[in-house]
Amino acid sequence: RRDAARARRQSSREARRRRRQWDRDTEEAEAKTLALDDQPLASLGQAQDTGGVAGVSLNGWLQLEEWFYSQDAHSLVDATEGMTQGVVFPPVFPTPESLGFEWASEGDLISKLAASVGDDAAVAAVVAHRESYFTAEDVAGLRAQGFDHVRLPLTWAAFASEADEPEKLVTDPAHPDKKQVTVSRAALDRYVATLADAGLKVLIDMHTMPGGSSMGSYNGVFPSPPAFWDDPTLMTIGRGVVREMLRWYLALPETSRAAVGGFTLLNEPAHLLPDKRDVMLDWLAGAVADFRALVVEPAKQAGAQPPRLLVNLIDTCGLNVYNMAEWMARTFAADELQSWAVLDTHMYLAWEHPAPGTWSCETDPEETKNGIAQFMQAKVNEMNDAAARNGIAHTAVSEWSLATNHDSAAGCQDVRVLEALREAQQYAFDQGNVESYFWGWKLPDAGAHRKFWSAQFHDAEMAAAAGAAAAGEAEADAVAAAEEAPAEAAASAAEEEFPAEAELTAAVEGANDAGVSLESETVALEPDANEAAPEIVEDASGDVRAEAAAAEDAPESVVAAAAASAEEESANVEPARPAEAAAVEVDAASGDAGAQTPGEGDATIDAAREFEQVDAETAARRNEIEARMRAGATNFRRSAAPEAVVAPETVAREAVVPPEAVVQEVVVPETVVPETVVPETVSEQPAYERPVVADEDPVSELEDAAARGAVEPVEPVEPVAWETADSIPVSNSRNQVTRVL
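Residues numbered from 1 in each chain as written. Predicted model: local features only at pLDDT ≥ 70, side-chain atom pairs only at ≥ 80, totals over all residues. Heavy atoms only, no water.

A. Highlighting the pattern of salt bridges. Within this structure, the stated rule accounts for 24 salt bridges. With a shortest N-O distance of 2.7 Å, D290 and R239 are connected by a salt bridge. Of this pair, D290 sits in helix α9 (residues 277-301) while R239 sits in helix α7 (residues 232-250), placing them 51 residues apart in sequence. The burial state of D290 is the same as that of R239; both residues are buried. Residues R416 and D414 are paired through a salt bridge, measuring 2.8 Å at the closest nitrogen-oxygen approach. Judged by relative accessible area, which is 51%, R416 ranks as exposed. The structure contains a network of salt bridges with shared partners spanning E366, K369, E419, R422 and E423. (Salt bridge = Lys/Arg side-chain N within 4 Å of Asp/Glu carboxyl O. Helix = DSSP H or I, 4+ residues; strand = E, 2+ residues; numbered from the N terminus. Buried < 20%, exposed > 50% of the residue type's maximum accessible area, 1.4 Å probe, protein only.)

This is the structure we're talking about:
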């Protein structure tokens, strides 16, 4: 029974030791983990440690792309010519059956809707989508996940109507078979006010231009070819769109205007159209001059800080980041480059990373994170180096994602891998102090795309994974508790039955918890024991010899009877305990407070074994002496040691050297600073001179086009007063875009 109780106590102690070790291992991680109510579920929206911007794009709201609504019928992000991937358009047409056709771009959708249900019904369907897509629940979700900056992509048609007009259909001037629906100023004002009231800073992004300014389904006219850079009339209309956007901004109420933190005059201009690079840069320089004249100069006169201008350029137009920075240095003044002009580009792993195997589901997530972080750091360092060489203080990446492949069906969907990609990219942006915007917030009808392109969906999956992990830990704890309960009960019963052993066990466990080295205590006690042992043994031996001499005179019959009685009594005496247990008890009784670990206490165990061997050799003589003492001696002491017992010498052993601390390799990679080779200026690109705009009329290009007969004459933009919205002559002249159209 004693052995069984001892085994149960040992099992219980081992379980408690494992639990204490687990607690120690997880203490640091738990200390860094806040309650879910106090922190975003994932860190896509957390502000960077350097004070930078970590925002998200509200795509799919006021600018449409077909793959946002592909459900699981299609999986490509970059559709090729002839593909139609959009299959629904909620809330009016929530199923493929209710819509009845597939669509390839925003212009294609609205044209087909108008042909199917009529112009008014098509406009009503678009308005219903805009009113229901982004709600108060989304605002709360953005704030809950830590976002404080948003990017708002707009269709060019948002500024193709008069300020007081409701939504209406407009036809693309280059592609009569493609139509758009305008955004009323009242609705646009209300949308921005909603974001401002939530404390969100807004980046206004002009995402498209009439005729199509980029190659791809997001251009609004796909699958029709982009025509914007081939037609001076279209480019003139585009300048008018930019001016109307800026005039709308200046007319906003003060609270909404303060919430607009920046502009992008055109997203990815001339994407996949490198032969249009030069004409694109000329047009962009003119649009920058409009921004300077209408927004920056009045702000400077009023002593206010103008909103930032994110100059978005992409390498697929035939420019690398050094070419982009050099063009900005020729287009902006030095003080502008240090304040409101920002070098902005897009970074997508799905098309840029040279080693797709790095994000394989079979690759360890930590390895993936380290590899991607190094790659992204190299790209960020290159962009920042180009900016620094040209006097540009601020850089941005206004689009990035978790996409591992341009075909979402082929990408790794393991949430651990996707989280590694997120951590790696945000780490690179944080280290480079880069303003960044994840593309995008939500895609409820995008099927497999959501895993890679929706911050809302990714964070929800991370929360679900964390919940499942917590539930698994709770279940494991419950199972462990259920397994420990019988052992605990048995140990309690044993403690009641053997109180002395319970006290000894408590002393040992207390020593373990105290964390004192058993070996150091043992080594400290051994010299004292060696010095005291000869004296104790000598005293005990003298007592035994005296008692033995007194017993020699006892009659033989009495001795025999006493011997028989001693044998009967010895049968009831507790057998010798194992050496290891004896050693533990010796240490505990000696005041040892160490936590015994494998390999410690060997000297004490060996000593206990030698004592046990000596006891076995003298057992017979002890019985004989006790028998004689029962017969005639009266001063017998049971605690006396037998004669000639010699204390064993202390077993010499080498001092245990504690292992050196393991230095773990840092997971977060070091900043990669590749050797920078500044590329030579592209020979085909002519040298640019900064536009002279001191005496330039903001609408001179429109007048030039009118003089050539390309468009009807238009009135120049009146000077805009900065002080109050009431002083802005919004209604004094007709919308220039509508006049040209």
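B. Structural detail: the state of the cysteines. This model, assessed by the stated rule, comprises 1 disulfide. Across the disulfide, C361 is cross-linked to C412 (sulfur-sulfur distance 1.8 Å). Looking along the S-S bond of the C361-C412 disulfide, the torsion reads about 105 degrees, which is the right-handed sense. Residue C361 is located in the loop between α12 (349-352) and α13 (365-389), and its partner C412 is located in the loop between β9 (394-400) and α14 (415-431); the two are separated by 51 residues in the primary sequence. Residue C361 is classed as partly exposed on the basis of its relative accessible area of 34%. (Disulfide = S-S within 2.5 Å.)

C. Broad picture of α13. For α13, which comprises 25 residues, the first-to-last C-alpha distance of 36 Å matches the rise-based estimate of 36 Å (1.5 Å per residue) to within 8%. Between a side-chain oxygen at the N-terminus of α13 and the backbone nitrogen of E366 the separation is 3.0 Å; the capping residue is D364. Two residues or fewer after α13 comes G391, characterised by a positive phi angle close to 75 degrees. (Expected span 1.5 Å × (residues − 1). Polar contact = N/O pair within 3.5 Å; in protein donor to acceptor, adjacent residues only side chain to side chain.)

D. Structural view of the pairing of strand β10 (residues 435-438). Residues E435 and Y437 of β10 are buried on one face, and the alternating residues S436 and F438, pointing to the opposite face, are buried as well. Two elements, strand β1 (residues 54-57) and β10, share 3 bridges in a ladder whose sense is parallel. Note that in β10 the partner of V56 across the bridge is F438. Alignment of β9 against β10, held across 3 bridges, turns out to be parallel. Directly across from A396, in β10, lies its bridge partner E435. With α14 bridging β9 and its parallel neighbour β10, the resulting β-α-β unit is right-handed. (Pairing = 2+ DSSP bridges. Right-handed = clockwise from strand over helix to strand, strands pointing away.)

E. View of the sheet that holds β1. An order of β1-β2-β5-β6-β7-β8-β9-β10 is seen for the 8 strands of this closed barrel, with the pairing classed as parallel. In this sheet, neighbouring strand axes are inclined to one another by 25 degrees on average, regardless of whether the strands run parallel or antiparallel. Two strands pair when backbone bridges link them, and β1 and strand β2 (residues 149-154) are joined in this way by 2 bridges, in the parallel orientation. Bridging from a neighbouring strand, S57 pairs with R151 of β2. Its contacts with the sheet place α13 against β8 (341-346) and β9, and it is angled at close to 145 degrees to β9. (Axes fitted to C-alpha atoms, helices over the stretch in contact; angles between N-to-C directions. Contact = heavy atoms within 4.5 Å.)

F. Unusual backbone geometry, seen in detail. With an omega dihedral of 5 degrees, the bond running from P90 to P91 counts as a cis peptide bond. With respect to the element layout, P91 can be found in the loop between β1 and α2 (96-99). A cis geometry characterises the amide bond from W439 onward to G440, with omega recorded as 0 degrees. Mapped onto the elements of the fold, G440 is located in the loop between β10 and α15 (450-453).

G. View of the nonpolar core. Of all hydrophobic cores here, the largest spans 132 residues; its most connected members are W283 and F332. With 11 residues, α9 is the largest single contributor of residues to this core. Residues contacting W283, with those up to four places away along its chain left out, are M209, F228, W229, M235, G238, R239, V242 and L266. In this structure, L203, L310, V342 and A396 belong to the second largest nonpolar core, which totals 6 residues. (Core = buried A, V, L, I, M, F, W, Y, C linked by side-chain atoms within 4.5 Å.)

H. Geometry of the packing of aromatic side chains. Following the criterion strictly, the structure yields 22 aromatic pairs and no others. With a centroid separation of 4.9 Å and an interplanar angle of 50 degrees, the aromatic rings of W61 and Y191 are classed as tilted. Of this pair, W61 sits in the loop between β1 and α2 while Y191 sits in helix α6 (residues 185-197); the two residues are 130 residues apart in sequence, bridging distant segments of the chain. Per residue, the accessibility class of W61 equals that of Y191, and both read buried. Aromatic pair F228 and W283: ring centres 5.6 Å apart, planes at 80 degrees, arrangement edge-to-face. Residue F228 is located in the loop between β5 (201-206) and α7, and its partner W283 is located in helix α9; the two are separated by 55 residues in the primary sequence. One exposure class covers both F228 and W283, and it is buried. The structure contains a cluster of three or more aromatic residues connected by ring pairs, namely W67, F68, Y69, F89, W103, Y348, W351, W439 and W453. (Phe/Tyr/Trp six-rings, centres within 6.5 Å; stacked < 30°, edge-to-face > 60°.)

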